[in-house]
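# Inside the fold
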Amino acid sequence: MDKILETVLMSPHSRLVKQGVLRRVVESASQPLDSSQCMAIFQVSTKLFLTGNSQFKQDAGLEVLEAYAQHHKLEFEEFFNVRFVLNLLREGYGPVGKQSPLIFHYLQVGLFLVANSPSTLNLFHMVQIEILRIVCERPGPEVCEQLARLLNTCPQCAPSGNLQTVFCQQLMQTIHHFQCQSQNDDDIVTFLERVTKTSSMLQIVWRTNMATILPSLKELFVIISTPREEEDTVTSNTLASVVQYIPLELMEGTVRNLTNDKNISDVQMMTAICRMMDWLSWPFSRNIDKWIIALMKGVASVKKCVILVEVTLAKIEEVFQRLSYPIVREAALSVLSYLLLSFQQSPEAFHLVLPEIPPLIARLSAEESDSAQLCLQQLVELVHCLVVRFTGFPDIYQPVLEIIKNVAVPSEDRIKQILKQGAWTPQKPNQVALCHRLTQKSETGKTGLINLGNTCYMSSVIQALFMAPNFRHAVMAMKNCDFLPVMGELQRLFAFLQHSQRPAISPDNFLYVSTPAWFTPGSQQDCSEYLKYLLDRLHEEENKSAQMVRGRSSEGPGNESLIKKLFGGKLVTHIRCLRCKNVSQREEDFSDLSLAFPPPSYHVEAFTISPFLVVEGAGPPLQSQGRVPSSPKGDRRADVPVETVSCVNNVESPHSTEEPECSSGASEDDCMHADTSFSVPDLINFFLMSEIMAGENQYHCQICGSLQNAEKVVELTRVPHYLILTLLRFSFDSVTKRRKKILDNVFIPIVLKMPVRNSSRQVESIGAGEVADTTKNSLYTSVHFDLVSVVVHSGSSSDSGHYYCYAREWSSRAAGEVSPKQEASADDSAKKPGVEDQWFLFNDTRVSYSSFGSVSNVTTHFPKDTAYMMLYQKQPTRRTEPEDQNVSAERNEGEPLVKDLIEAVRKDNKLYTQEQERGVKHRAALSPSAAQPVVWLRRTPTQDHESRSARKQKPNDDVPSI
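Keep in mind it's a predicted model, so treat the numbers as computed, not measured. Position labels on residues start from 1 in each chain and follow its written sequence. With the structure being a predicted model, the display of local features is reserved for residues of pLDDT at least 70 and the display and counting of side-chain atom pairs for 80 or more, all residues being used for whole-chain, interface and lining totals. By convention in this description, side-chain values take in all heavy atoms of the structure and omit both hydrogens and water.

### Points about the overall build of the chain
To keep things clear, this is the line we draw: Helix and strand assignments follow DSSP, with helices taken as H or I runs no shorter than four residues and strands as E runs no shorter than two, numbered in order from the N terminus. Between buried and exposed lies partly exposed: a residue is buried under 20% and exposed over 50% of the maximum accessible area for its type, with that area taken using a 1.4 Å probe on protein chains only.
Summing up its helical and strand segments, the chain has 34 helices and 25 strands in all. Looking at the chain as a whole, 56% of its 962 residues qualify as buried.

Here is the structure:
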């Protein structure tokens, strides 16, 4: 029978003949046969199945084998013995290799036919050992797929006892080494399916013995936490297929054990999380995002913020790119949202993906699918939340806000709710400096300042002072700062800002010595309050040092401190009793002028002038309840000339009646808008104009000996070299018991003309920067000031928000000349490098080119971003006044640095170069997949073009590196 079957099937007879013979052979299987005949049938059927060159022959062999094995079980058990099976698995069958799928298919059939026989225990035990051996040899996906089918059909073949843990661990290693070598779509799908089936073998073991799960997970962690060798640039994400089989109820305990394990280093944890983020590209797995987020939360709970910083900055761009692929979009969006919302100590992570948002929004809008629309909605909501959280970047936010303007904006409550989700906090305040991964220095050549935890109030002030040339030169040229702790640290900080090769430096030492004792570390503070305190400290310690070293008094001509020389001004307050006409006066020093906004009832209408001081505004005259008109026209002295506060060679100050709207994230309760927009000259005039002291505010006249109505007026008798103007934008609402911010757009002139009392000076002594009124009995001189910097507050509350600074690179020019660039309109574009009067935007670590147009229009585009503090420099004069002699001399000396500072900067620059070299290697280890994207997530040519275009538009200083 066996020879007839083999001869006919191997003959050239028709298939119909062969099927007839096959049918007769199968039907005769129930007939009694001796042992030798059965063995011969089994050998022929095995040969046909394993070596048949057609599917018909293989199917015929399988059919005969099954038929005779069912009717002759004892003979088949004798034929399908341990030695025979072992030889199949180790040597193969003739020309059929030992790892051929046919071998495993044959083994599967044979084991099924003997499965219920008690005499086959040794056979199954041998198969279990052989399966473990095969897995240890790291077979490919095709062989592992056959093993998976075998285990699914015959669970008894799965290793048992102690072998189960070893099998799971070795299977992890095998899956880790899988690689998809083909670019063909069908081959890629086949590869993914085979990997998934291979991973299912773990589930088979885990279901029978849950004790093997934890050792398996430990092995998994060892694999993904081991840094690869430098030459190993190929990455595999196949272990992602395992995650879906890990029970979620084990997540909490597993994460807790990993994050509290003292034997796991930060580098290992960092590497593991990065590898898991690579798994987001795996299309057929579930729960990957849940495990990633759980592990990062576990790291946050043990305050290892270094890991969170490194991982987020290294992988966030790759995670963002996954949003382009619908098959992995949901998990990628979940992880991206967590990364951005938890990383709230710095805008670095958000700004890394910011340039890629517009092209992605465009693709999602064009994609007609529920997945795309849901992703679009959540992404836009996320962008609005982060723009509110990281305020103060008008130049880079504008393109993104423009493209999402037609998508619904989340409510303020919704934004607050989202921002509260999962933000981690560094263990120590100084660890916030680790939240910045910086690249080479900005193309501007300027150096930024690292935000050490809501320290933007300090950074903005320091950059404004640094860009004041006379002050910078004087500080850097100062000698013997041993007894000047604050000035010494400021000198060091200026030296690094000027000469460091780093894109940004950490001002931690200066923050420590210059912070007021009442400031709460890590909380937002008022930059104006900080600047006043800083100038007072610098003034006091210089005077104290002078007394200790030279034994001289800190007062008197020639003994003024640097701060008093440059920032010290004088004003006189006159109070005239309206009953006895007696005038009293009080002179006081000032380092800045705090300019209040007129109250809402302040109307634009004519008013009468003070009979003893006359100052007119640059805009239309104003009147308010607090400052009522003075005496009637008949009481006014006709011989008093009028001097104005105004802007020079610039556009007129706007007086728009349109009320700006609160931007997203700012409630109407926190925002105040007057009916009129003002200019800086308007607010100065309001500060200088006369005020009637009446009612509860009556003046006690010494001549009358009682409370009387009086008129108070302020005049400037000496203006400083650097004039600091602070806008009092925050007021207290007695009804709501909350502080409100005035969001009016205040026009800022680039050249300001200020009136100074000139009672003791002659007209011929006036310098080029001063214009005297030639009218007889002139009392005032007009002093011109150039705008140096503007500190902007972004936010709707005095207790929150962000500060950043616009500043101009100062250019020398002849006294009295006004540069044509000062006449530029508000829509000027940023100038090219090397052009005089170049404006810059200093925003913590980020420094970029800007323009005066950006300064003028910032509130127009971003209603919460309002000018808060301005620094003006007095224009040079042809005839130097006594108080300006030291200023000019100090500036002409240049910027010599003491030897210790030169050496400190040199050493730090060398250290930075070494850090950059190590950073390149570190990034390569954390993100090897960036060099070779997974083949099953291939971008279309259109997507590649959009991505390249976005990167070209991205400023260099927005591409951080470790």
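From this point, the discussion proceeds with the structure in view.
### Topic: helix 3 (residues 35-51)
Cut-off, in case you're wondering: In this scheme, a helix's expected span is set at 1.5 Å multiplied by one less than its residue total. Any two residues whose heavy atoms approach within 4.5 Å at even a single point are treated as in contact.
Relative to the 24 Å expected for 17 residues at 1.5 Å per residue, helix 3 spans 24 Å between its end C-alpha atoms, a close match to the ideal helical length. Those residues of helix 3 not exposed but buried are Cys38, Met39, Ala40, Ile41, Phe42, Val44, Ser45, Thr46, Leu48, Phe49 and Leu50. Structurally, helix 3 contributes buried residues whose contacts are with helix 1 (2-10), helix 4 (55-71), helix 5 (73-79), helix 6 (82-91) and helix 7 (101-114).

### Quick word on the packing of helix 20 (residues 357-366) against helix 21 (residues 370-389)
Our working rule: Here the axes come from fitting lines to C-alpha atoms, over the contacting stretch only for helices, and the angles between their N-to-C directions go from 0 to 180 degrees. Each angle gets one of four labels, with under 35 degrees taken as roughly parallel, over 145 as roughly antiparallel, 65 to 115 as roughly perpendicular, and the rest as oblique. We call a crossing left-handed when the near helix sits turned anticlockwise from the far one by less than a right angle, and right-handed when that turn is clockwise.
Two elements in contact, helix 20 and helix 21, have axes separated by 9 Å at closest approach and are oriented at 150°. Compared by their axis directions, helix 20 and helix 21 come out roughly antiparallel. For the pair helix 20 and helix 21, the crossing hand works out as left-handed. For the pair formed by helix 20 and helix 21, the contact residues are Ile357, Leu360, Ile361, Leu364 and Ser365 on the first element and Ala372, Gln373, Cys375, Leu376, Leu379, Val380 and Val383 on the second.

### Examining the packing of aromatic side chains
The condition is simple: Each pair of aromatic rings taken from Phe, Tyr and Trp, with Trp reduced to its six-membered ring, is defined by centres within 6.5 Å and is described as stacked if the planes are under 30 degrees apart, edge-to-face if over 60, and tilted in the remaining cases.
According to the stated counting rule, one finds 26 aromatic pairs in the structure shown. Considering the side-chain rings of phenylalanine 76 and phenylalanine 79, the 6.4 Å spacing of their centres and the 40° angle between planes classify their relative orientation as tilted. Placement of the pair is phenylalanine 76 and phenylalanine 79 together in helix 5, with a separation of three residues, close to one helical turn. Judged by its relative accessible area of 1%, phenylalanine 76 is buried. With relative accessibility at 10%, the residue phenylalanine 79 sits in the buried group. Ring centres of tyrosine 803 and tyrosine 868 lie 6.0 Å apart, and the angle between their planes is 45°; this geometry places the pair in the tilted category. Residue tyrosine 803 is located in strand 22 (residues 802-808), and its partner tyrosine 868 is located in strand 25 (residues 865-874); the two are separated by 65 residues in the primary sequence. For the pair shown, tyrosine 803 and tyrosine 868 are each scored as buried. Among the aromatic residues, those joined into a cluster by ring pairs are Phe42, Phe49, Phe76, Phe79, Phe80, Phe84 and Tyr106.

### A look at the state of the cysteines
Heads up, the condition is: Pairs of cysteine sulfur atoms within 2.5 Å are identified as disulfides in what follows.
One pass over the structure, following the stated rule, counts zero disulfides. Summary of cysteine pairing: cysteine 805 is not part of a disulfide, and the nearest cysteine sulfur, belonging to cysteine 527, is at 9.4 Å.

### Thoughts on helix 16 (residues 288-301)
Residues spaced three or four apart along an α-helix face the same direction, because each turn holds 3.6 residues. In a regular helix each residue adds 1.5 Å, so 14 residues correspond to 20 Å; helix 16 covers 20 Å between its end C-alpha atoms and thus fits that length. For helix 16, every residue scored as buried is listed here: Ile288, Asp289, Trp291, Ile292, Ile293, Ala294, Leu295, Met296, Gly298, Val299 and Ala300. In this fold, the buried residues of helix 16 make contact with helix 13 (240-243), helix 14 (251-259), helix 15 (266-278), helix 17 (305-321) and helix 18 (329-342).

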